[in-house]
Amino acid sequence: MTSDAYVMQTYARYPLFLARGDGMRAFEADGRSFLDFAGGLGALSLGHCHPVWLEAVREQAATIGLVSNLYATEPQARLAERLAELLPIPDARVFLANSGAEANEAAIKLARKRGLSQGRPKIVALEGSFHGRTVATLAATGQPGKREAFEPLVDWFVHVPPGDLEAMRDALGAGDVCAVLLEPVMGEGGVRPLPHEYLQEVRALCDEHDVLLVADEVQSGSGRCGDWLAASLSGVVPDVATLAKGLGGGLPIGACISRAGVAFGPGEHASTFGGGPIPCAAALAVLDTIERQDLLANAREIGGRLRDRILVLTPDALVTEVRGRGLLIGVQLAEPVAHEVVLAMIDEGVLATEAGPDVVRMSPPLVVTPDEADEAVDALVAALGKVAAARGWTA
Ligand SMILES: *Cc1c(COP(=O)(O)O)cnc(C)c1O
């Protein structure tokens, strides 16, 4: 039995050693199998080892693997063009990075570059948000518990409560703000979709104050919520959007996409690995497959089925709300027992994750079928029953 004792223990891990994946299933070395509704925290858009994705990665690795950004490559050029085509952002330009935090760093630098030249250095972000673990993205993150040990961080961010238009209006009225940074569906903060009207009003306020709207769609984008950007579900077009998790289908890639007139010039930003041919080929395979198999519609359909069934089949006393859009789903529990529920789901053969102490999150691959959705709901119901019984609650 291998031990991970030498790995820096930055995660409170579930007691599993995963060895292999195939489609919707992940396996331990001894063969025990799990229906994967954690989906690599939403990164596994096509599931494990999807044949189209695998072939694209293999072929690219065997053709040319890395050139740095001193030279152009076809996968990078094609991916940037595809993203510019698929996203509603007008005359878009794309910076490719290696992760969500890096994509957000690029967006923050872009906004600040413009803002500093106008004497407007601040960025408004939301309480409860999550934007990454690098120094600037951690400062942007509206969760004091994650920041505490590292304070003081940069003082560029002003946090306001999500959904509170008055607070947003006041913050923008101060005159020192260059951008609003928000997740259209707050992922780590409990899978909380921002109301459509709120997003539309924030868009209008940003226009009124000539402030950039930056949508962190690292978790909600790339098709997960049923459209390429979750903001589109609210009829809102951001000035800048960031993607990562689902974009590479399992390979590390991030993208910062900005509208005409908001871009870096030569020397202003860089990355050695960013936009390398292999992750770009993987991302192209992901986007093509989503389009060809109409997985945006599947995300909407199966997401709706999951939410409906969870609401019907779970006891009201334990599940107080089911939130989300498409295949980003949060099950709000009445008590902070999400960890126990996820552990009990593992015993039932299904992987899920936590989004806070009292929210169970499901972010399965977009290829999930109705039967698999039902299997996951059954596991959730059984897990809730076990946790309730162990705690002496009547389910
Ligand atoms: C996961 C996440 C990030 C950070 O992405 P990494 O790839 O882990 O750096 C940023 N923003 C949101 C909304 C996320 O969900």
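Keep in mind it's a predicted model, so treat the numbers as computed, not measured.

What counts, and at which threshold
Residues numbered from 1 in each chain as written. Predicted model: local features only at pLDDT ≥ 70, side-chain atom pairs only at ≥ 80, totals over all residues. Heavy atoms only, no water. 1 Å grid on protein atoms, 1.4 Å probe; cavity = no way out; pocket = protein on both sides within 12 Å on 5 of 7 lines; lining within 4 Å. Points joined across faces, edges and corners; volume = space filled by probe spheres on them. Helix = DSSP H or I, 4+ residues; strand = E, 2+ residues; numbered from the N terminus. Nonpolar A, V, L, I, M, F, W, Y, C, P; charged D, E, K, R; others polar. Pairing = 2+ DSSP bridges. Near = heavy atom within 4 Å. Polar contact = N/O pair within 3.5 Å; in protein donor to acceptor, adjacent residues only side chain to side chain. Areas by Shrake-Rupley, 256 points an atom, 1.4 Å probe, with all protein chains shown as cover. Sits in = over half its atoms within 2 Å of the grid points. Contact = heavy atoms within 4.5 Å. Axes fitted to C-alpha atoms, helices over the stretch in contact; angles between N-to-C directions. Domains from an automatic or database assignment. Buried area = accessible area lost by both parts, 1.4 Å probe. Salt bridge = Lys/Arg side-chain N within 4 Å of Asp/Glu carboxyl O. Phe/Tyr/Trp six-rings, centres within 6.5 Å; stacked < 30°, edge-to-face > 60°. Buried < 20%, exposed > 50% of the residue type's maximum accessible area, 1.4 Å probe, protein only. Lys NZ or Arg CZ within 6 Å of the ring centre and 35° of its normal. Expected span 1.5 Å × (residues − 1).

1. Thoughts on the layout of surface pockets
Right, so step 1: Size it by volume and the largest pocket reaches roughly 1,900 Å³.
Right, so step 2: Contributing to the lining of the largest pocket are 50 residues, with Tyr11, Gly40, Leu41, Thr353 and Arg361 lying nearest its centre.
Right, so step 3: Those elements giving two or more residues to the lining of the largest pocket turn out to be helix H1 (39-42), helix H4 (100-117), helix H11 (338-347) and strand E16 (353-354).
Right, so step 4: Here the lining of the largest pocket is composed, by residue class, of 23 nonpolar, 16 polar and 11 charged.
Right, so step 5: Roughly 480 Å³ of internal volume is contained in the second largest pocket.
Right, so step 6: As for the second largest pocket, its lining consists of 20 residues, of which Gln76, Val94, Phe95, Leu96 and His269 are closest to the centre.
Right, so step 7: Taken together, the elements giving at least two residues each to the lining of the second largest pocket come down to helix H3 (74-86), strand E4 (93-97) and strand E12 (254-258).

2. Regarding the sheet that holds strand E3 (residues 33-36)
Right, so step 1: With respect to topology, four strands assemble into an open sheet ordered E1-E2-E3-E15, the strand pairing being mixed. In the strand order of this sheet, the two ends are held by strand E1 (18-22) and strand E15 (350-351), each with one partner.
Right, so step 2: Sheet analysis places strand E2 (residues 25-28) next to E3, joined by three bridges and oriented antiparallel. Counterpart to arginine 25 in the pairing with E3 is leucine 35.

3. Let's talk about the site of the ligand
Right, so step 1: Near the ligand you find Ser99, Gly100, Ala101, Asn104, Phe130, His131, Gly132, Glu183, Asp216, Val218, Gln219 and Lys245, and these make up its full shell.
Right, so step 2: A distance of 2.6 Å separates an oxygen atom of the ligand from a polar atom in the side chain of lysine 245.
Right, so step 3: Expressed as a share of its isolated accessible area of 380 Å², the protein-covered part of the ligand is 81%.
Right, so step 4: Among the cavities detected, the one that contains the ligand is the largest pocket.
Right, so step 5: It is H4 that provides the largest number of residues to the shell around the ligand, a total of three residues.

4. A word on the sheet that holds strand E17 (residues 359-362)
Working definition: the strands of a sheet are paired by backbone hydrogen bonds and lie parallel or antiparallel to each other.
Right, so step 1: Spatially, E13-E14-E17-E16 is the arrangement adopted by the four strands of the open sheet, whose pairing is antiparallel. With partners counted over all chains shown, the strands left at the sheet margins are strand E13 (319-325) and E16, one partner each.
Right, so step 2: In the sheet, E13 pairs with strand E14 (residues 328-333) via six bridges, with the strands oriented antiparallel. From the neighbouring strand, arginine 325 faces E14, where its bridge partner is leucine 328.
Right, so step 3: Seen against the sheet, H11 touches E14, E16 and E17 and runs at an angle of roughly 45° to E17.

5. A look at empty space enclosed by the protein
Right, so step 1: Evaluated as defined, the whole model comprises three cavities of 30 Å³ or more.
Right, so step 2: Estimated volume of the largest cavity: approximately 50 Å³.
Right, so step 3: Residue lining of the largest cavity: 13 residues in total, with Val67, Ser68, Asn69, Gln76 and Gly275 positioned closest to the centre.
Right, so step 4: In terms of residue class, the lining of the largest cavity is built from five nonpolar, eight polar and no charged.

6. Focus: the domain arrangement of the protein chain
Right, so step 1: According to the domain assignment, the protein chain contains domain 1 (18-50 + 294-391) and domain 2 (52-292).
Right, so step 2: Averaged C-alpha coordinates put domain 1 and domain 2 at centres separated by 26 Å.
Right, so step 3: Domain 1 puts 30 residues into the contact, and the matching count from domain 2 is 32 residues.
Right, so step 4: Carbon and sulfur atoms supply 58% of the area buried between domain 1 and domain 2, which totals about 2,500 Å² over both sides.
Right, so step 5: Where domain 1 meets domain 2, there are one salt bridge.
Right, so step 6: When the shortest N-O distance is used, the salt bridge between arginine 361 and glutamate 188 registers 2.6 Å.
Right, so step 7: The interface formed by domain 1 and domain 2 includes 16 residue pairs in polar contact (both at pLDDT 80 or more).
Right, so step 8: Secondary-structure elements contributing two or more residues to the side of domain 1 that touches domain 2 are H1, helix H10 (295-313), E13, E14 and E17.
Right, so step 9: Grouping the amino acids of the side of domain 1 that touches domain 2 by side-chain chemistry returns 16 nonpolar, nine polar and five charged.

7. Here we look at the packing of aromatic side chains
Right, so step 1: Under the criterion given, the structure shown has two aromatic pairs.
Right, so step 2: Taking 6.4 Å as the distance between ring centres and 80° as the angle between the ring planes, the aromatic pair formed by phenylalanine 95 and phenylalanine 264 counts as edge-to-face. A residue pair is termed long-range when its members are at least 10 positions apart, and phenylalanine 95 in strand E4 and phenylalanine 264 in the loop between E12 and helix H9 (277-292) qualify at 169 residues.
Right, so step 3: Residue phenylalanine 264 is classed as partly exposed on the basis of its relative accessible area of 22%.
Right, so step 4: A ring pair is formed by tryptophan 156 and phenylalanine 157, whose centres lie 6.3 Å apart and whose planes are at 40°; its orientation type is tilted.
Right, so step 5: On the basis of relative accessible area, phenylalanine 157 is assigned to the buried category, the value being 12%.
Right, so step 6: The ring of tryptophan 156 carries the charged tip of arginine 112 above its face, separated from the ring centre by 3.9 Å.

8. Here we look at helix H12 (residues 370-390)
Given 3.6 residues per turn, any residue in an α-helix points the same way as the ones three and four places further on.
Right, so step 1: Taking 1.5 Å of rise per residue, 21 residues should cover 30 Å, and H12 covers 30 Å from first to last C-alpha, within 8% of that figure.
Right, so step 2: Backbone geometry just after H12 places glycine 392 at a positive phi near 75°.

9. Digging into the side chain of serine 220
Right, so step 1: Looking at where serine 220 falls in the secondary structure, it is placed in the loop between strand E10 (212-216) and strand E11 (240-243).
Right, so step 2: Residue class for serine 220 comes out buried when judged on its relative accessible area of 1%.
Right, so step 3: When neighbours within four sequence positions are excluded, serine 220 is seen to be in contact with Pro184, Val185, Cys225, Ala230 and Leu328.

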